[in-house]
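# Summary of structural features
So the chains spell out like this:
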Amino acid sequence: EEEEEEEEEPEPELTYWEKVPPPAPRPPVTVTFHIEMETNFGDHLCIVGGHDLLGNWAPAKGIEMDWVEGIKWKVTVALPAHSLIQYKYVIRSGWADDGESKWQGGPDGLIATGAAHSTQVIKDIWQHGDWGAGNPNVAAIPAAVAAHEKVKPPEEWEYSNKENVSVLPEWANDAVFYQIFPLGYFGAPTVNDQTAKMVPRLKQIRDHYKHFQELGIDAVYFSPLFESGTHGYDTFDYFEIDRRLGDVKLFKQIVKELHEIGIKVVLDGVFNHTGKGHFAFKDLQKNGASDSEFANWYHVGVRRWDYEGWCDAKTGSSFSYDCWEGHPVLPRLNLDEPAVRNHIFDIAKFWLEEVGIDGWRLDVAHEIEPDFWREFRRVCDSVDKDCLLVGEMIHGNYNDWVGHDRLHSGTNYQMSHATWHSLNEHNYEYFYNALRRENNLFAGLKLVNFLGNHDVKRIASNLDNPAHYTHAMVVLILMKGIPCLYYGDEFGMEGTPEDGTDEHSGGDDAMRRPMPDTSKPGTWPAVGVSRLALNKKLLKIRKEHPVFSNAGSQDMDNIKLVAQEWPFEQITVVRETEDEVGVLVFNCADHEVNPWPEVQLPAGCIAKKGDKFVDLLAHTPETFLVNDGGKIYAGPCGPNSVKVLLYQKPKPKPPAPKRQMASTGFSIPGAAAPAADPYATPPAPPADPYATPPPAPTATPAYDPYATPPPAYDPYA
């Protein structure tokens, strides 16, 4: 019998979108979600949905929301145009991928996005309780999405709500910064009455060039230098150096000298507010809000009590104005006014073009709209593509202000607090969770890490146990980020606001005391010699071993809390490059830990069984073997101790030189003699042993950047 022929199944009918060429990728729709929900300390809200851009229902991949105030949360995301997407809000406890999550009740949310480039605002109300799958409102949402899936056009999108990457100028990627508060550093008076003669205190910095080089810094960040009335943040004239410090001519020469010894220069740009002595505000005070041509330069009202936190102008024509954090001496600029923006852009260009600075640190950048910084970035890039922009970031999600078209970096306040707080509490779990948050939110950013600055307690005063100074500095210098040392912290200088006496600084003058004489250890704090030696050593390690710089990995899988329950007083960090493996071992307990649980190296690690790690901080050489399973026994660890372990892949041996046969002096019969070269240089005649040797050439002395210049060189001497 003939085999029955199998009938071929008909090919499925093509949909409309399969018959036509795929559309070009479309710009996203910008959607801002708002919701009010009370959360506990340590919790955060995120939005999760049925789309890759919303984490595909995985809370750990959802989009973290920004806390606004009170119980208000919001987040702005990019979604494909003409889409129908389910979503829900989730409260997450901590930042662990498998951490506890509390889902919003009721039916899923549903958003229908509009046309490309459009914006939408969603204001939701938190729903409680499980309504059940049979509830019509619950069942209708997935049914609507399923129906839309059958007819919707194919999606092509090239953006993400999670991956924000900021590329820094090459010089800044692994630079070490050093912050100076000039008015304090050089011992200037706390008040500028605008009548005193210029005093060139800035020239004192020349005595510190050698210290900068021996310490190992790459850039100096100067806090406010511009003409002001008191602490520098109440700017009167952005185009002049404060007369208590010097003038533009002197500072330009100092910038040049710092560049000659390989140090970049970053200035503090205070563009959120001015001082009352700024020409625009003086005109406003003189002529009043109705007649001054600068009325739109500030936020001006009629009566102070109409606006919470505003200040009264008590001279000339009466009006009220928005003053930063209620300080009358700091009238806030109206950055929506084109004339104000152009004024600030002219300032930025002047110091980049005329003086040659390398970047800006931007005061209270998180209080200024990101679009302003986009425009500021374009202006700076037009002058110098290598100009670095660092924003002061205290609260919120830094991704709003830092990115490829905005600021390059921001100040990492959350990790600064976590570093010293975890040590004082003997609780590395706090530090670990802060690292998790940073890894979740800012994986594509290189933030500026610090332990002290002009606004907060010095690290030596902030730590309950002086022995933890080493722990804090190892975190600052040998972990991911851009380290910034505050002047004097390398010696262990102390200072808290409670110790301050200057009424204009609110006590902060205690953190802004004059810099000790870097050449006279007798003027340093008692711990100065040992702490300076530690900082030099750590910076040398960072420079010589890329694994401890931003070139090294820092994956959360390789950061381990040693204990399984409180207290969490030990933590290990494993970092890798192609050629090196680094292990940081911290014990903040007041007792020795022995035995110490083994450190597990990552799978595929270049360090294998039998390889040796060396402790770079040990006073005497100490090595640690890699054991079975890629484990290192790093103990015993003394009380309040830190180990910095390094393994380097052996470098290949250079090839042995080829052996050559010695000449015998005999000619080979039949061999042709080499032809003479008519253009060859004739051999030199034999030396005359009795001839008088020629005079030695006069040696040109090498340039000494520390040499004292002749009197005529320094017009301020």
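Since the structure is predicted, the reported quantities are computational estimates derived from the model, not experimental observations.

## Looking at the packing of aromatic side chains
Applying the stated rule across the entire model yields 36 aromatic pairs. Centre to centre, the rings of Tyr185 and Phe186 are 4.8 Å apart; their planes meet at 75°, and the pair counts as edge-to-face. Judged by relative accessible area, Phe186 falls into the buried class, the value being 5%. Taking the centre distance of 5.1 Å and the plane angle of 35° together, the rings of Phe226 and Trp351 count as tilted. Pair noted here: Phe226 is in strand β12 (residues 226-228) and Trp351 is in helix α7 (residues 338-355), with a separation of 125 residues, a long-range link. In this structure, Phe226 and Trp351 share a single accessibility class: buried. Directly above the ring of Phe181 sits Arg512, whose terminal nitrogen or CZ lies 4.4 Å from the centroid.

## Thoughts on the side chain of Asp358
Note on placement: Asp358 falls in the loop between α7 and β18 (359-362). There is no salt bridge for the buried Asp358, and the closest opposite charge comes from Lys264, which lies 4.0 Å off by N-O distance. There is a polar contact of 2.7 Å between the side chain of Asp358 and the side chain of His259. For Asp358, the contacting residues outside a window of four places in its chain are Trp171, His259, Lys264, Val265, Asp386, Cys387 and Leu388.

## Looking at the pattern of salt bridges
Counted according to the given criterion, the structure contains 24 salt bridges. Taking the shortest distance from any N to any O, the salt bridge between Asp268 and Arg361 comes out at 2.9 Å. Linking Asp268 in strand β14 (residues 264-269) with Arg361 in strand β18, this pair joins segments that are 93 residues apart in sequence. Of the residues examined, Asp268 reaches a relative accessible area of 2% and is grouped as buried.

## Quick notes on the packing of helix α5 (residues 248-260) against α7
Pairs of packed helices are described in terms of their axes, by the angle between the two and the distance that separates them. The geometry of α5 relative to α7 is characterised by a closest axis approach of 10 Å and an angle of 60° between their N-to-C directions. On the basis of their axis angle, the class for α5 and α7 is oblique. Mapping the contact onto sequence places Val248, Phe251, Lys252 and Val255 in α5 and Phe350, Trp351, Glu354 and Val355 in α7. Broken down by class, the residue content of the contact of α5 with α7 amounts to six nonpolar, no polar and two charged.

## Here's the deal with the confidence of the model for the protein chain
When the pLDDT values of the protein chain are averaged, the result is 88; 87% of them are 70 or greater. Here residues 663-682 scores under 50 on pLDDT; set against residues more than four positions off or in separate chains, the count is zero contacts. Predicted confidence is poor over residues 687-717, with pLDDT under 50, and the contacts of this stretch with residues over four places away or in other chains come to 17 contacts.

## Here we look at a negative patch on the surface
Residues Asp97, Asp98, Asp555 and Asp557 make up a contiguous surface patch of negative charge. Counting through the fold element by element, Asp557 comes out in the loop between α13 (528-544) and β23 (559-561). Classification of Asp557 as exposed rests on a relative accessible area of 61%.

## Quick word on the nonpolar core
Counting 128 residues, the largest nonpolar core has Phe212, Phe222, Phe251, Leu267, Trp351, Trp360 and Phe376 as its most contacted members. Once residues lying within four places of it in the same chain are set aside, the contact partners of Trp351 are Phe226, Tyr238, Phe239, Glu240, Ile241, Val248, Phe251, Leu267, Gly356, Ile357 and Trp360.

## Here we look at the state of the cysteines
Evaluation of the coordinates by the stated rule reveals one disulfide. Note on cysteine connectivity: Cys311 is disulfide-linked to Cys323, with sulfurs 1.9 Å apart. On the sign convention where negative is left-handed, the bridge of Cys311 and Cys323, at about 75° about the S-S bond, is right-handed. On the criterion of sequence distance, the pair formed by Cys311 in strand β16 (residues 311-313) and Cys323 in the loop between β17 (319-321) and α7 is long-range, its members being 12 residues apart. Of the residues examined, Cys323 reaches a relative accessible area of 2% and is grouped as buried.

## Details of the environment of Ile217
Note on placement: Ile217 falls in the loop between α4 (209-215) and β11 (219-222). Counting along the chain gives 46 residues from Ile217 to Ile263, while the straight-line C-alpha distance between them is 7.4 Å. If sequence neighbours within four positions are ignored, Ile217 has contacts with Val176, Tyr178, Phe212 and Ile263.

## Considerations on the packing of helix α9 (residues 413-424) against helix α10 (residues 428-441)
In the contact formed by α9 and α10, the axes pass within 7 Å of each other and the chain directions differ by 165°. One way to sum up the angle between α9 and α10 is to call them roughly antiparallel. Of the two possible hands of crossing, α9 and α10 adopt the one that is left-handed. Listed contacts from α10 to Gln414, Met415, His417, Ala418, Thr419, His421, Ser422 and Leu423 of α9 are Tyr428, Tyr430, Phe431, Ala434, Leu435, Arg437 and Glu438. Class assignment for the residues of the contact of α9 with α10 results in eight nonpolar, five polar and two charged.

## Some points on the pairing of β11
A two-sided burial pattern is seen for β11, the buried positions comprising Ala219 and Tyr221 on one face and Val220 and Phe222 on the other. Of the strand pairs in this sheet, strand β10 (residues 177-180) and β11 are connected by four bridges, and their pairing is parallel. Paired with Ile180 across the two strands is Phe222, which belongs to β11. By the bridge criterion, four bridges tie β11 to β14 in an arrangement that is parallel. Bridge pairing links Ala219 to Lys264 in β14.

## A closer look at α10
Along its 14 residues, α10 runs 20 Å from first to last C-alpha, staying within 8% of the 20 Å computed at 1.5 Å per residue. Turning to α10, its buried residues number three or more, namely Tyr428, Phe431, Tyr432, Ala434, Leu435, Arg436, Glu438, Asn440 and Leu441. At the N-terminal boundary of α10, the capping side chain belongs to Asn427, with an oxygen 3.1 Å from the backbone nitrogen of Glu429.

## Observations concerning α7
Every α-helical turn comprises 3.6 residues, leaving residues that sit three or four positions apart pointing alike. Compared with the 26 Å implied by 1.5 Å per residue over 18 residues, the 25 Å span of α7 between its first and last C-alpha is a close match. Looking only at α7, the buried set comprises Val340, Arg341, His343, Ile344, Phe345, Ile347, Ala348, Trp351, Leu352 and Val355. Phi turns positive one or two residues past the end of α7, at Gly356, with a value near 90°.

## Overview of the side chain of Lys88
For Lys88, the location among the structural elements is in strand β6 (residues 84-93). The class of Lys88 is buried, set by a relative accessible area of 8%. Within the local environment of Lys88, its side chain forms a polar contact with the backbone oxygen of Gly106, the two atoms lying 2.7 Å apart. Residue contacts for Lys88: discarding those within four places in its chain leaves Cys46, Ile47, Val48, Trp57, Trp103, Gln104, Gly105, Gly106, Pro107 and Asp108.

Reading guide: rules and limits
- Residues numbered from 1 in each chain as written.
- Predicted model: local features only at pLDDT ≥ 70, side-chain atom pairs only at ≥ 80, totals over all residues.
- Heavy atoms only, no water.
- Phe/Tyr/Trp six-rings, centres within 6.5 Å; stacked < 30°, edge-to-face > 60°.
- Buried < 20%, exposed > 50% of the residue type's maximum accessible area, 1.4 Å probe, protein only.
- Helix = DSSP H or I, 4+ residues; strand = E, 2+ residues; numbered from the N terminus.
- Lys NZ or Arg CZ within 6 Å of the ring centre and 35° of its normal.
- Lys, Arg positive; Asp, Glu negative; His and termini not counted.
- Salt bridge = Lys/Arg side-chain N within 4 Å of Asp/Glu carboxyl O.
- Polar contact = N/O pair within 3.5 Å; in protein donor to acceptor, adjacent residues only side chain to side chain.
- Contact = heavy atoms within 4.5 Å.
- Axes fitted to C-alpha atoms, helices over the stretch in contact; angles between N-to-C directions.
- Parallel < 35°, antiparallel > 145°, perpendicular 65-115°, else oblique.
- Nonpolar A, V, L, I, M, F, W, Y, C, P; charged D, E, K, R; others polar.
- pLDDT = per-residue confidence, 0-100.
- Patch = residues over 30% accessible without salt bridge, like charges linked within 9 Å, V, L, I, M, F, W, Y side chains within 5 Å.
- Areas by Shrake-Rupley, 256 points an atom, 1.4 Å probe, with all protein chains shown as cover.
- Charge placed at Lys NZ, Arg CZ, Asp CG, Glu CD.
- Core = buried A, V, L, I, M, F, W, Y, C linked by side-chain atoms within 4.5 Å.
- Disulfide = S-S within 2.5 Å.
- Left-handed = near helix turned anticlockwise from the far one by under 90°.
- Pairing = 2+ DSSP bridges.
- Expected span 1.5 Å × (residues − 1).

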